[in-house]
Amino acid sequence: MKLIVNGCAGRMGRVLIKLIAAHDALELVGGLEAANSDALGTDLGLLAGGEKLGLSVSDDALALLADADGVIDFTTPAASSELAALAAQARIVHIIGSTGFDSTQDQAIAAAARHARIVKSGNMSLGVNVLAGLVKQAAAQLGPDWDIEILDMHHRHKVDAPSGTALLLGDAAANGRGATLDALRESGRDGISDPRAKGAIGFAALRGGSVVGDHEVILAGQNEQIRLSHRAEDRDIFARGALTAALWAKDQPEGLYTMQDVLGL
């Protein structure tokens, strides 16, 4: 499967370059960056800290997409939603690990999925997505008398809060209760506030240091608690999950999928 890495000069992009280059079933055919990137023209292998691969960083998305089976994309909501339209034109696989989308961008990606195979997830880790399945099951079994709080901690450079992973877990909890997250979400408590609403799903976001990603879902009942958690120790887990998603999506019909679909959950 021929793959392009969008945002190839970023932290996730460099990890993806190394993993794709070493994968027997995958072929790296290009790396994309913005037109003002200092990395343009750099060999992808050198960019990722390895040997030359004979491929240079480019800003010409159309030329690269024409010779690819898919693109892996951990960038920004604006860049990912624009690239989704190009992936639809090329009718290829688009794996989106970016987070922080607004409703307009989500709609643009859903429209592109009519002609592309798009897998979009707030977290590409296989472990996190199994955790989401457990959260959904627990929320369904325990009911609204159990309070749900979701805690996420990331490195100091992360700009969106709650994280995409926290929202993914919150969505799983809401689905377990037969509701939408928008109806139950409660964020940003500070100072004196009203008592906690029954059935609400609360969020707290911590940022600091070099934390890759820690997430905990707390289900608090009367005199007892259940805590379900996941700790990311290396960014490789997100990249490996994205590559698993790409290989799965290659044989699927056009549509918008999640990692829950990839894992059969």
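Conventions adopted
Residues numbered from 1 in each chain as written. Predicted model: local features only at pLDDT ≥ 70, side-chain atom pairs only at ≥ 80, totals over all residues. Heavy atoms only, no water. Helix = DSSP H or I, 4+ residues; strand = E, 2+ residues; numbered from the N terminus. Contact = heavy atoms within 4.5 Å. Buried < 20%, exposed > 50% of the residue type's maximum accessible area, 1.4 Å probe, protein only. Pairing = 2+ DSSP bridges. Salt bridge = Lys/Arg side-chain N within 4 Å of Asp/Glu carboxyl O. Patch = residues over 30% accessible without salt bridge, like charges linked within 9 Å, V, L, I, M, F, W, Y side chains within 5 Å. Areas by Shrake-Rupley, 256 points an atom, 1.4 Å probe, with all protein chains shown as cover. Phe/Tyr/Trp six-rings, centres within 6.5 Å; stacked < 30°, edge-to-face > 60°. Lys NZ or Arg CZ within 6 Å of the ring centre and 35° of its normal.

Novice: Quick question: what am I supposed to make of the side chain of S163 here?
Specialist: Of note, S163 is situated in the loop between β7 (147–154) and α7 (164–176). Apart from residues no more than four positions distant in its own chain, S163 is found in contact with D152, H154, K158, R207 and H215.

Novice: Can you help me understand the pairing of strand β10 (residues 213–221) in this one?
Specialist: Two faces make up the sheet, and in a regular strand the side chains alternate between them. Counting buried positions along β10 yields seven of nine residues, so the element is predominantly enclosed. Where β7 lies against β10, seven bridges are found, and the strand directions are antiparallel. Bridged to D147 within β10 is A220. Strand direction decides the pairing type here: β10 and strand β11 (residues 224–232), joined by nine bridges, are antiparallel. In the sheet register, L219 faces β11, and the bridge partner there is I226. Hairpin connection, β10 to β11: the antiparallel pair is bridged by two residues, and N223 has positive phi, about 70°.

Novice: Help me understand the pattern of salt bridges in this model?
Specialist: It is possible for side chains bearing opposite charge to pair when their charged atoms get close. Considering all chains together, one arrives at twelve salt bridges under this definition. With a shortest N-O distance of 3.2 Å, K120 and D106 are connected by a salt bridge. Of this pair, K120 sits in strand β6 (residues 117–120) while D106 sits in helix α5 (residues 103–112), placing them 14 residues apart in sequence. The class for K120 is partly exposed, based on a relative accessible area of 22%. Judged by relative accessible area, which is 31%, D106 ranks as partly exposed. Of the charged contacts, one joins E149 and R189 as a salt bridge, the two residues approaching to 2.8 Å between their closest N and O atoms. Of this pair, E149 sits in strand β7 while R189 is found in the loop between β8 (185–187) and β9 (201–207), placing the two residues 40 residues apart along the sequence. Taken together, the salt bridges that share partners define one network made up of D147, E149, E186, R189 and R196.

Novice: Help me understand unusual backbone geometry, please; the structure alone is not making it clear to me.
Specialist: Excluding glycine, residues mostly carry a negative phi; peptide bonds, for their part, are mostly trans. For the bond from A161 to P162, the omega torsion is -5°, close enough to zero to count as cis. Turning to its location among the elements, P162 is positioned in the loop between β7 and α7. For N223, which is not glycine, the phi torsion reads 70° and is therefore positive. Its place among the elements puts N223 in the loop between β10 and β11. What makes N223 exposed here is its relative accessible area of 77%.

Novice: What is the right way to read a nonpolar patch on the surface from this model?
Specialist: On the surface, V130, L134 and L265 cluster together into a nonpolar patch covering about 270 Å² of accessible area. On the basis of relative accessibility, which here comes to 42%, the residue V130 falls in the partly exposed class.

Novice: Even after reading the chapter, I still don't get the packing of aromatic side chains, so can you show me in this structure?
Specialist: Each aromatic ring pair is specified by the distance between its two centres and by the angle formed by the two planes. All told, the structure shown has one aromatic pair when counted by the stated rule. Judged by centre distance (5.1 Å) and plane angle (85°), the rings of W248 and Y257 are edge-to-face. Judged by its relative accessible area of 14%, Y257 is buried. Its guanidinium or amino end placed over the ring of F203, R185 lies 5.6 Å from that ring's centre, counting from NZ or CZ.

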